[in-house]
Amino acid sequence: MTESSNVIPFVAEDERTSSVERPGPSSMAFAEVKRMAEALVFASATPVSSKMLSDRLPDGVDIRAVMEDLRKDYEKRGVNLVRVEESWAFRTAGDLAFLMSRDAVQQRKLSRAALEMLAVIAYHQPVTRAEIEEIRGVETSKGTLDLLLETGWVRMRGRRRTPGRPVTYGTTTEFLDHFGLEELRDLPGIEELKGAGLLSSRMPSNFSVPQPPADPETLTDDEDPLTDIDLEELGLLTPRVEGD
Amino acid sequence: MTESSNVIPFVAEDERTSSVERPGPSSMAFAEVKRMAEALVFASATPVSSKMLSDRLPDGVDIRAVMEDLRKDYEKRGVNLVRVEESWAFRTAGDLAFLMSRDAVQQRKLSRAALEMLAVIAYHQPVTRAEIEEIRGVETSKGTLDLLLETGWVRMRGRRRTPGRPVTYGTTTEFLDHFGLEELRDLPGIEELKGAGLLSSRMPSNFSVPQPPADPETLTDDEDPLTDIDLEELGLLTPRVEGD
Amino acid sequence: MAEQGQAAGKAGKPIPMDKLWAEESSEHGVSEPVLAVDVEGFEGPLDLLLHLARNQKVDLARISVLALAEQYLQFIERVRQMRLELAADYLVMAAWLAYLKSRLLIPKQRADGEPSGEEMAALLQFRLKRLEAIRDAAARLVNRNRLGRDVFARGMPEHVVVEKKSTYTATLYDLLTAYASQRQRRAITNVQIAKRGVWSLKQARDVLTRLVGELPDWTALDRFLVQYLTRPEERATAIASTFAASLELVREGTLEIRQQEPFAPIYMRRGTKRPETAETTS
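Residues numbered from 1 in each chain as written. Chains lettered and ligands numbered in written order. Predicted model: local features only at pLDDT ≥ 70, side-chain atom pairs only at ≥ 80, totals over all residues. Heavy atoms only, no water.

S.K.: Which residues make up the overall build of chain A, and what values do they have?
M.R.: Summing up its helical and strand segments, chain A has eleven helices and eight strands in all. In the form shown here, chain A has an accessible surface area of approximately 12,100 Å², with 51% of it arising from carbon and sulfur atoms. (Helix = DSSP H or I, 4+ residues; strand = E, 2+ residues; numbered from the N terminus. Areas by Shrake-Rupley, 256 points an atom, 1.4 Å probe, with all protein chains shown as cover.)

In structure tokens, the structure reads:
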């Protein structure tokens, strides 16, 4: 029996074989009822009450006995069956909490505005903030652009050689990774967007979707590279600190 | 040992105690790692990738071995461990569907066209829209592809390296998860279809060109002559009010 | 999109044609019954062919392509005779099958660069088989134990981070939808500002048909229009369309028009024929 020590939760089984003698339905039926209860509790979004279980499970089942048995099955596993008043729920074992909470980073969905801006940057890069606003027809809140930079999907590429030398934006390799694109040119064009039903097939004739550059790393003719001074100005580079 | 038959899933344990001899971490460590993996996957409603597991679990753990072991633990339980590509998830057992269906969220039913297009995409991927139309012999109605993309089961994969660089479509991990497939190879009947050459876009050269009967007007033994009534019986002619 | 009558099957039950005509005309009274072939149950001509092929009750590999082509063409012919509308796809297939038929019936020509009838027939069989295979595959797929219907995920997920790094998620679909809809929104807004209401010929015809039914006496066209126009900027287009439509109606005999001299008001009255009977048989 010592060998079974590697399979922690089920070690308990052997100790509980006596449970067979329990009065009630035959052991096979009992096992089946256990499976049913297990599935019900697993799939439920809230703890499952004994009443609900007795509604769903075959008549005459001793709910308490079934659940106690299940609870023992899970006693030493990574997941435990816990009773909350007269309801039941699975919770990860308390001693494993460290695993769950390690980096409790919230996965957040991008807002609509951020998605739109990201899409404009992807298709129209290199693009300045003023151009983004022109395309979207709304003013860009500073926060949205910051947020996009923070996602790591958008970067500052350089500066446009026009008055005011506005910063140009583009997408990053992580952007491609995240969206499963091999290259920027994999972004669907106007015909594809229409074909997929995302764009009305009756767009005005002067409507176009730009084709993103083949090589996003190369600056265009009217772009200057960002210098260290630029980065400092933009608050992105604090002297002497290796940023990442 | 026969007594343990009432606790279905754990019966398997006894047969697997030999797993202790497995090289690698000590058996206790292995069991503990299993608990950790179990907790991580159990806690999540969506499949957990092997990569994520190896990030969280102690170094040098054979993720695949751990997960295979866990899978066996749960094989006969009401909840099963399933693999979806390189990710893992717990799901209620398929044979308990009758019990669970009351909880089923009313899902939007796929239209026949959408379902058929989904199948074409699944079996023929990567596939372009033109190829889908070729296979189905009909133009893609507006909104069908869009709807499939919206379900999250279909994605744009990339572009075909042919003139026009059409976008190619394929299925997602969610597609596999939804239909309970470990990987694309598990698509029902895919091997037979491939073997029969029915998954190629062109007629394969080995596709037998049937010998026409000597007199094409003569029906073969198992053919019935067509009557004029047939067409009406097919119910093809029905009125439709103009409006589209 | 509520429950689709999936169980009803695709083609539904055979319904006698005359009954359908009767129902149609009684329900819609005066208006010309617009009939169309119910191809809605079918996913295009290939699907229809597959359906016809199955009716031959033989394995697709042993099917008589010639008979199939005949049957399809017969169907199209019949629809034509009834002057029903049919989607272009179906007509293209008919043309192809007619060609196939001719190739199958003439003796094999050497080296004319065209595929032989047998090759074309084999291609059709291949396409039918392929479609049938995918159809079956779809059925098998949809009948699997499906997540959220038969099989369930953890109902009470706990807080676990699946991806280690990326804090934000979005799918390519989200991205493209966002892009397409915003560009579309802008583009269409722009267009609508420039756009002027235009009366289509059909609109004008509808209006006229409705009007002439009520007018036994000569009336000026302008008077009709004023009655129906609310905005002056639509006047030009309405007059143009109505005039064109009126000529059409005159030709059909449902309208008479008269004008005393150039640029004088145009008078019109009901023609000898009732508009309801526009569905003539000449």
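S.K.: Requested: an account of helix 4 (residues 63-74) of chain A, with residues and values cited.
M.R.: Residues separated by three or four positions in an α-helix point in the same direction, a consequence of the helix having 3.6 residues per turn. Compared with an ideal rise of 1.5 Å per residue, which puts twelve residues at 16 Å, helix 4 of chain A spans 16 Å between its outermost C-alpha atoms and is within 8% of the ideal. When we look at burial in helix 4 of chain A, the residues that qualify are Ile63, Ala65, Val66, Met67, Asp69, Leu70, Asp73 and Tyr74 of chain A. (Expected span 1.5 Å × (residues − 1). Buried < 20%, exposed > 50% of the residue type's maximum accessible area, 1.4 Å probe, protein only.)

S.K.: Can you lay out the sheet that holds strand 1 (residues 48-49) of chain B for me, pointing to particular residues and giving the numbers?
M.R.: Sheets are built from strands paired through backbone hydrogen bonds, the pairs being either parallel or antiparallel. Reading across from one edge, 1-3-2 (chain B) is the order of the three strands in this open sheet, with antiparallel pairing throughout. The strands lining the two open edges of the sheet, one partner per strand, are strand 1 and strand 2 (79-84) of chain B. (Pairing = 2+ DSSP bridges.)

S.K.: Lay out the packing of aromatic side chains with the relevant residues and their values.
M.R.: Counted under the stated rule, the structure contains eleven aromatic pairs over all chains. Their ring planes at 45° and their centres at 6.4 Å tell us that tyrosine 74 of chain A and tyrosine 74 of chain B sit as a pair that is tilted. With tyrosine 74 of chain A in helix 4 and tyrosine 74 of chain B in helix 4 (residues 63-74), the pair connects residues from two separate chains. A relative accessible area of 1% places tyrosine 74 of chain A in the buried class. Ring centres of phenylalanine 90 of chain A and phenylalanine 42 of chain B lie 5.2 Å apart, and the angle between their planes is 65°; on these two criteria the pair is classed as edge-to-face. Linking phenylalanine 90 of chain A in strand 3 (residues 87-92) with phenylalanine 42 of chain B in helix 2 (residues 27-43), this pair reaches from one chain into another. For the residue pair phenylalanine 90 of chain A and phenylalanine 42 of chain B, the accessibility class agrees, reading buried in each case. (Phe/Tyr/Trp six-rings, centres within 6.5 Å; stacked < 30°, edge-to-face > 60°.)

S.K.: Run through unusual backbone geometry, naming residues and quoting values.
M.R.: Most peptide bonds are trans, and most residues other than glycine sit at a negative phi. All names here are of chain A. Cis geometry marks the peptide bond from glutamine 125 to proline 126; its omega dihedral reads -5°. Mapped onto the elements, proline 126 comes out in the loop between helix 6 (112-124) and strand 5 (127-128). Phi is positive for glutamate 85, close to 50°, though the residue is something other than glycine. Inspection of the secondary structure puts glutamate 85 in the loop between strand 2 (79-84) and strand 3.

S.K.: Quick rundown of the confidence of the model for chain A? Include the residues and the values.
M.R.: When pLDDT is averaged along chain A, the result is 81; 80% of the residues meet or exceed 70. When the criterion is pLDDT under 50, residues 1-25 of chain A qualifies, and its contacts beyond four places in sequence or with other chains add up to 52 contacts. (pLDDT = per-residue confidence, 0-100. Contact = heavy atoms within 4.5 Å.)

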